[in-house]
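# Architecture at a glance
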Amino acid sequence: MRYMIPLGEVAEFINGAAFKPEDWHENGRKIIRIQNLNDSSKPYNLTTRNVDKKYEVNTGDILVSWSASLGVFEWLEMETAWLNQHIFKAIPDKAKVHKNYFKYSLGKALNDMECYLHGATMKHVNRKEFLSTKIYVPPLEEQRRIAAILDKADGVRRKRKEAIRLTEELLKSTFLEMFGDPVTNPKGWEIVKIENIIELVSGQVDPRESPYSNMLHVGGDNIESGTGEISGCKTPAELSLISGKYLFRKGDILYSKIRPYLNKVSLPDFDGVCSADIYPIRVNHSCVTPIYMTSILRSKGFLEYAEKHSTRTNIPKINRKALLSFECPLPPLGLQNQFTNSANKILKIKDHEKTGVDKANNLFNSLLQRAFRGEL
């Protein structure tokens, strides 16, 4: 019996519609973009435009982001929405695959497709290669059994991730309680342009030279949206990098300047090199702390400002002048230090929860590998 079957034979994949800024309206249906799938807090663009019904997304539909950020998602909102380009709506053939089993298979397929990624800056999957990728498709009853096991393991992962999300919310609420909304500045702090309190690290280094070739390299793909978690880093030597990179120090802030990744802000605890699409930011420690500035750069107000000033046509990004012109509140350094102390305690709790997530992920991935080798 044939168990390894190409994705294109077990499901239909519909790419989303191309919506332009002139299609956005103050009301209408939501347009699902990749950033909405990666971060539920992201605002949706709305449209009243007439769109082919094939681009309609309903509750329970499976979506696959195939450009820049790869991932498999299930639309859980009750309202109908429209699908943006660079996202597939996957319609499984119910006679061949169980829905949940198919969803896990898609995630496994994307992980196995690293060799098929194309593009220097915006990574994407080639449709033909994607559809020809084979997945393990046993009989439906076996699929249901495997999906039930994976559902339980995935439930453990989701609970652990929810605990981390709650610690992140605690950090945000602590910031707002101590300093107020940085946009409205209800506590009346002094307002300064950030060019007066930070420095954008400039001057690129050759990643082929020592010691840079053996440092960890951070690219946009290594930074998680919203949380700033860094993962999956390799050295320039391992990646065979040749173009210039920025050198950053422990305590520098890494800020992704490309839209739609403007909410990737990280505070690494190591020295390294980073992509030219990331600004290394060094604070003036005599007036501002790294954790306070990181919170400012993650704030809704700054994200809206950065999106507004990312105006380049080809690959929109915020330039140095626009970034440095942003005005933000500057509370007393003593109060910032108090916030830093509180934040460090919260981050310790978060680190503990991350250990639990890592264990849950390892269990899930082990089960996933066994399932698609026919060993579960």
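These lines cover the structure that appears in this document, whether it is placed above or below.

Definitions and cut-offs
- Residues numbered from 1 in each chain as written.
- Predicted model: local features only at pLDDT ≥ 70, side-chain atom pairs only at ≥ 80, totals over all residues.
- Heavy atoms only, no water.
- Pairing = 2+ DSSP bridges.
- Helix = DSSP H or I, 4+ residues; strand = E, 2+ residues; numbered from the N terminus.
- Core = buried A, V, L, I, M, F, W, Y, C linked by side-chain atoms within 4.5 Å.
- Buried < 20%, exposed > 50% of the residue type's maximum accessible area, 1.4 Å probe, protein only.
- Contact = heavy atoms within 4.5 Å.
- Axes fitted to C-alpha atoms, helices over the stretch in contact; angles between N-to-C directions.
- Parallel < 35°, antiparallel > 145°, perpendicular 65-115°, else oblique.
- Nonpolar A, V, L, I, M, F, W, Y, C, P; charged D, E, K, R; others polar.
- Phe/Tyr/Trp six-rings, centres within 6.5 Å; stacked < 30°, edge-to-face > 60°.
- Lys NZ or Arg CZ within 6 Å of the ring centre and 35° of its normal.

### Structural notes on the sheet that holds strand S14 (residues 198–200)
With respect to topology, 4 strands assemble into an open sheet ordered S14-S21-S18-S19, the strand pairing being antiparallel. Edge positions in the sheet fall to S14 and strand S19 (265–266), since each has one partner strand and no second. Here strand S18 (residues 253–256) pairs with strand S21 (residues 278–283) via 4 bridges, running antiparallel. Opposite Ser256, over in S21, you have Ile278 as the bridge partner.

### Thoughts on the nonpolar core
The nonpolar side chains of a soluble globular protein tend to be buried with one another. Formed by 38 residues in total, the largest nonpolar core has its most connected members in Ile197, Ile198, Tyr255, Ile281, Met293 and Ile318. Among the elements that line this core, the one with the most residues is helix H7 (residues 290–298), at 5 residues. The contacts of Tyr255, once residues within four sequence positions are left out, are Leu262, Lys264, Val265, Asp277, Ile278, Tyr279, Ile281, Phe302, Ala306 and Ile318. Ranked by size, the runner-up nonpolar core spans 20 residues in total, among them Val10, Phe13, Val125 and Phe130.

### What about the side chain of Ser295?
Structurally, Ser295 can be placed in helix H7. Beyond its immediate chain neighbours, meaning those up to four positions away, Ser295 contacts Phe175 and Phe339.

### Brief notes about the packing of H7 against helix H10 (residues 333–371)
At a minimum axis distance of 8 Å, the contact between H7 and H10 shows a crossing angle of 80°. In terms of their interaxial angle, H7 and H10 are classed as roughly perpendicular. From H7, Ile291, Tyr292 and Ser295 reach across to H10, where they touch Gln336, Phe339, Thr340, Ala343, Asn344 and Leu347. Split into classes, the residues belonging to the contact of H7 with H10 amount to 5 nonpolar, 4 polar and no charged.

### As for the packing of aromatic side chains
Under the definition given, this model contains 19 aromatic pairs. Judged by centre distance (6.3 Å) and plane angle (45°), the rings of Phe13 and Phe102 are tilted. Here Phe13, found in strand S2 (residues 11–15), pairs with Phe102, found in helix H3 (residues 99–111); they are 89 residues apart in sequence, far enough to count as distant. By the burial criterion, Phe13 is buried, and Phe102 matches it. For the cation-ring pair, Arg49 lies above Phe19, with the distance from its terminal atom to the ring centre recorded as 4.8 Å. Above the plane of the ring of Phe364 lies Arg157, whose end atom (NZ or CZ) is 3.8 Å from the centre.

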